[in-house]
Amino acid sequence: MTSDMILPFYQALTADVTALAAQVTVPSTDAVQSIRRKALERFTAMGLPTLKTEAWRYSNIQRYLKEFPYELLNNAAPVAPTVAQQAAIPELDCYRVVLVNGHLQADQSTLPEGKGITIGAMSAYADAPGFVTYFNQQHHLETESLAQLNTALFADGLYIELAANTVLDRPIHVIHVYSCTAHSFIQPRHLWVLNRNAAATIIESSVHPETTAVAFANSVVETVVQENAELWHYCVQQGEDSFREVSTTAAQQFKDSRYHHFSVTLPGTPFTRNNTSVALNGSHTETNLNGLYITNKHQHVDNHTFMDHIMPDCNSNELYKGVLLDDSNGVFTGKILVHQEAQKTNAFQQNNNLLLGSKADINSQPQLEIYADDVKCSHGFTAGQFSEESMFYLRSRGIGEEAAKALMVNAFSHDITDAIHVPALQHFLQEQIAEIMNN
Amino acid sequence: MLTIKNLHAEVEGKKILKGINLEINKGEMHAIMGPNGSGKSSLASVLAGRDNYTVTEGEVWFNGKNLLDLSPEDRAREGVFLAFQYPVEIPGVSNLNFLKTALNEIRAYKGLPALEAREFLKLTKEKQQLVDFHSNLMNRSLNEGFSGGEKKRNEIFQLAMLDPQLAILDETDSGLDIDALRIVSSGVNKLRDAEKSFVVITHYQRLLEYIIPDFVHVLYNGRIIKTGTKELALELEERGYDWLKEELHLKESV
Ligand SMILES: Nc1ncnc2c1ncn2[C@@H]1O[C@H](COP(=O)(O)OP(=O)(O)OP(=O)(O)O)[C@@H](O)[C@H]1O
Ligand SMILES: [Mg+2]
């Protein structure tokens, strides 16, 4: 780090985090304050990840944190409704939640209402039963220093709790608006709890309207999928050039539950790190982790996943597919941990890549740790170019090279897009992919 | 329509085509026969523009244009169609979407507007009937999991949809059962007219009973060593290729 650079937030982070913590007050129950204090201690002990941190070997986060003199930003100035509208998905019949820097904008939101539905700002629900039981309880968060930083310093976020047997009739579209006038580090924190037999679909998108002030989001979503509940969780990342993001999703699943997670990263944001981890705290669960990253220019996308098979008789299926254009860089880490008690585990993992740019690159590493003997686990990795045979076949029918590539990329990503169970979202993403490939 | 002059081509440094001469006029049906490995598919590939073949000598003219200067897609747009001996499977590309894209790209090249959805469907239905192509195959991924015969039928269905001026059918008959052979041949016959030409590559005289050729050529070792009429195919069926090879050696040793 050069000494003549002004790096207020980065310096404060490495020097005096406690002073930063003093700025943060909400939500402020004693329990939360005590969790925050512990998180701060952990963060201080761990420090920011470096290239020597095993989980960050291929993503130089320090470089991105030093890139601009970020200030910690905890509040939100009003933002015109047209901004959130930019993230709207055509034809999507949904509830809408607009958050600006993590703060709920009730006037721009259409919240689901009714028996069994609790939804609102985290700061307003710090003593709700779901919050008290589950907040910061997903234990994977403990080993990730940026998640600890979020716990210590977050300002606000979205709390959702569905009571037992509550089934949402429409998806909730959560639009994260990150808005700032100076380069800012923004840390929203969310907790979504589905109790027994509940079901929901949540789609996340984000918008950062300013082009000159850079926003760096370090967000954490905790999800809890209780007995026989089902959550479809989509994350659509189409960030701007002036946006950077570390996005942590930590899920807990209980007996007979189903969790389907999709992370779709498209061109835009130069730096994206997704930590996706699932702790299986009950048996007979189903988990699908789907990822699609289509990257261009100098984009860097790092998907870091962790399937923690704690209990027996659980199925997990992980499929991450990447299309890397130009000089873009992908990283995929797939950790699968099968505990000794987790007999009859089925855990499958696959990471396939199309390396289409001359300097495009992918670093992929499966990490399987298996302590049970009666399990079925597999992993696979491919990186390649378009099949010449297929390209020739398409072109021999009059399809130009660019259109043929677009068809092939669509085909390559179809097992991810086909699994999207919201038709409007599926259609939207297919169109986006076609558009990226036609440019 | 198509003039091939002294065409030489190689693949991976291996000489495959060694001086092909062929003239195809409008409305003609040419059959090419010849032993395995003689270069039949290679000739088809060179005409369609497969880029692992290098043309080392010779010319190919198609309607006054230098075919060898054109990209594969432009050859198709100009009206050249190759029904592949081994059609590839492309998972994730729907047959329908593929055809729509192809048709519209060809139309755009000719300055025509994209087909409206209704017109496209109408055309699809009509051509499907022509080759008895099952409509449930339409919505599947391109050739994925198709049986050998279904793939071949799909080639002819595409041929009917794209309506080229010159169609090269590379062993479209192999893999077809007797009924399918009849259906596909009658489809091809219906597509025949005074403006269109065909080259059918086959090992079997049987196909030529349904699709009557104007000319039969024998390709051997990268060259056309004999040209005749449909009777030549019958003779080959009876006698095989050895007598021709002998004739050739006699000629060459003179
Ligand atoms: N990519 C390649 N690399 C090396 N040799 C090749 C390649 N492609 C074709 N050949 C060779 O070129 C020769 C001609 O092959 P081609 O497929 O044109 O024969 P064919 O007449 O169509 O035979 P068949 O009747 O078996 O279909 C063969 O010896 C074949 O092995
Ligand atoms: Mg052949």
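Criteria and cut-off values
- Residues numbered from 1 in each chain as written.
- Chains lettered and ligands numbered in written order.
- Predicted model: local features only at pLDDT ≥ 70, side-chain atom pairs only at ≥ 80, totals over all residues.
- Heavy atoms only, no water.
- Helix = DSSP H or I, 4+ residues; strand = E, 2+ residues; numbered from the N terminus.
- Rg over C-alpha atoms; globule rule 2.2 N^0.38 Å.
- Buried < 20%, exposed > 50% of the residue type's maximum accessible area, 1.4 Å probe, protein only.
- Areas by Shrake-Rupley, 256 points an atom, 1.4 Å probe, with all protein chains shown as cover.
- Lys, Arg positive; Asp, Glu negative; His and termini not counted.
- Charge placed at Lys NZ, Arg CZ, Asp CG, Glu CD.
- Axes fitted to C-alpha atoms, helices over the stretch in contact; angles between N-to-C directions.
- Parallel < 35°, antiparallel > 145°, perpendicular 65-115°, else oblique.
- Left-handed = near helix turned anticlockwise from the far one by under 90°.
- Contact = heavy atoms within 4.5 Å.
- UniProt positions renumbered as here; feature names shortened; annotations may be inferred.
- Buried area = accessible area lost by both parts, 1.4 Å probe.
- Salt bridge = Lys/Arg side-chain N within 4 Å of Asp/Glu carboxyl O.
- Nonpolar A, V, L, I, M, F, W, Y, C, P; charged D, E, K, R; others polar.
- Near = heavy atom within 4 Å.
- Polar contact = N/O pair within 3.5 Å; in protein donor to acceptor, adjacent residues only side chain to side chain.
- Donors = N, O, S within 2.8 Å, 3.2 Å for Na, K, Ca; no water.
- Pairing = 2+ DSSP bridges.
- Domains from an automatic or database assignment.

Asks: Sorry if this is basic, but what is going on with the overall build of chain A here?
Replies: If you tally the helices and strands in chain A, you get eleven helices and 21 strands. Taken over the C-alpha trace, chain A has a radius of gyration of 21 Å; the compact-globule value for 439 residues is 22 Å, and the two agree within 12%. Projected onto its principal axes, the C-alpha positions of chain A cover 70 × 55 × 45 Å. Burial statistics for chain A: of 439 residues in total, 62% are counted as buried. Entry remark: accessible area of chain A is about 16,600 Å², with carbon and sulfur atoms responsible for 49%. Averaging the locations of the 26 positively and 46 negatively charged side chains of chain A gives two centres separated by 3 Å.

Asks: Looking at this model, I keep getting lost on the packing of helix H4 (residues 117-131) of chain B against helix H6 (residues 148-162) of chain B. Mind explaining?
Replies: The relative placement of two packed helices comes down to the angle between their axes together with the axis-to-axis distance. Residues and elements named next belong to chain B. At a minimum axis separation of 9 Å, H4 and H6 run at an interaxial angle of 135 degrees. It follows that H4 is oblique to H6 by the angle criterion. H4 and H6 meet at a crossing whose hand is right-handed. Residue-level inspection shows Phe-120, Leu-123, Thr-124, Lys-127, Gln-128, Leu-130 and Val-131 of H4 in contact with H6, the latter providing Arg-153, Ile-156, Phe-157, Ala-160 and Met-161.

Asks: Looking at this structure, how should I read the UniProt feature "domain: ABC transporter" (unreviewed entry) in chain B?
Replies: Feature annotation in UniProt places "domain: ABC transporter" (unreviewed entry) on residues 2-246 of chain B, given in this structure's numbering. Split by type, residues 2-246 of chain B is 41% helix and 29% strand. Its first and last C-alpha atoms lie 30 Å apart.

Asks: Explain the interface of chain B and chain A to me, please; I cannot follow it from the model alone.
Replies: Buried accessible area, meaning the area lost when the parts come together, often serves as the stated size of an interface. Contact residues are listed per partner, giving 33 residues for chain B and 18 residues for chain A. Summed over both sides, the interface of chain B with chain A buries roughly 2,000 Å², with 65% coming from carbon and sulfur. On inspection of chain B and its partner chain A, the count reaches three salt bridges. Between Glu389(A) and Arg50(B) there is a salt bridge whose closest N-O contact spans 2.7 Å. Mapped onto the side of chain B that touches chain A, the elements with two or more residues apiece are helix H1 (40-48), helix H2 (72-78), strand E6 (80-83), strand E7 (90-94), helix H3 (95-109) and H6 of chain B. In terms of residue count, H3(B) provides more of the side of chain B that touches chain A than any other element does, six residues in total. Looking at the side of chain B that touches chain A residue by residue, the classes come out as 18 nonpolar, eight polar and seven charged.

Asks: Is there a simple way to explain the site of ligand 1 in this structure?
Replies: Residues and elements named next belong to chain B. With respect to spatial proximity, 16 residues lie near ligand 1, and among them Gly-37, Lys-40, Ser-41, Ser-42 and His-203 are the closest. Take Gln-85: an N or O atom from its side chain is 3.1 Å from an oxygen atom of ligand 1. About the coverage of ligand 1: the protein hides 69% of its 640 Å² of free accessible area. Going through the elements one at a time, strand E2 (14-24) and H1 are the ones with two or more residues in the shell around ligand 1. Per-element accounting of the shell around ligand 1 gives the leading share, three residues, to H1. For the shell around ligand 1, the residue count by class is four nonpolar, eight polar and four charged.

Asks: Please explain the environment of Lys359(A) as it appears in this structure.
Replies: All names here are of chain A. Counting through the fold element by element, Lys-359 comes out in the loop between strand E19 (346-355) and strand E20 (361-370). Relative accessible area serves as the criterion here: at 61%, Lys-359 is assigned to the exposed category. With 35 residues separating them along the chain, Lys-359 and Leu-324 place their C-alpha atoms 9.2 Å apart. Among all residues touching Lys-359, those that are not within four sequence positions of it are Asp-326, Asp-327 and Ser-328.

Asks: When you look at the coordination of the magnesium ion (ligand 2) in this model, what are you seeing that I'm missing?
Replies: Residues and elements named next belong to chain B. The magnesium ion (ligand 2) binds to the protein through Ser-41 (OG) and Gln-85 (OE1); the donor distances cover 2.0 to 2.2 Å. Within this pair, whereas Ser-41 is found in helix H1, its partner Gln-85 is found in the loop between E6 and E7, the two being separated by 44 residues in sequence. We classify Ser-41 as partly exposed; its relative accessible area is 26%.

Asks: What's the story with the side chain of Ser45(B) in this structure? I'm lost.
Replies: Mapped onto the elements of the fold, Ser45(B) is located in helix H1. Filtering out sequence-adjacent residues up to four positions away, Ser45(B) remains in contact with Phe392(A), Arg50(B) and Tyr53(B).

Asks: I tried to follow the sheet that holds strand E21 (residues 376-384) of chain A on my own but got confused; where do I start?
Replies: Sheets are built from strands paired through backbone hydrogen bonds, the pairs being either parallel or antiparallel. Residue and element names in this part refer to chain A. Taken in spatial order, the ten strands of this open sheet run E3-E2-E6-E9-E11-E13-E15-E17-E19-E21, and their pairing is mixed. Each having just a single partner strand, strand E3 (103-104) and E21 make up the two edges of the open sheet. Here ten bridges tie strand E17 (residues 315-324) to E19, and the two strands are oriented parallel to one another. In the sheet register, Leu-324 faces E19, and the bridge partner there is Leu-355.

Asks: It is not clear to me how the domain arrangement of chain A should be interpreted in this structure. Could you clarify?
Replies: Residues and elements named next belong to chain A. Split by domain assignment, chain A resolves into domain 1 (3-282) and domain 2 (389-439). With 15 residues of domain 1 in contact, the opposing surface of domain 2 contributes eleven residues. With both chains or domains summed, domain 1 and domain 2 bury close to 1,100 Å², and 83% of this area falls on carbon and sulfur atoms. If you sort the residues of domain 1 by the area they bury against domain 2, Ile-89, Tyr-234 and Phe-262 come out on top, with a joint share of 33%. On the surface where domain 1 and domain 2 come into contact, there are zero salt bridges. Sort the elements by how many residues they give to the side of domain 1 that touches domain 2 and strand E11 (residues 230-237) lands first, with three residues.

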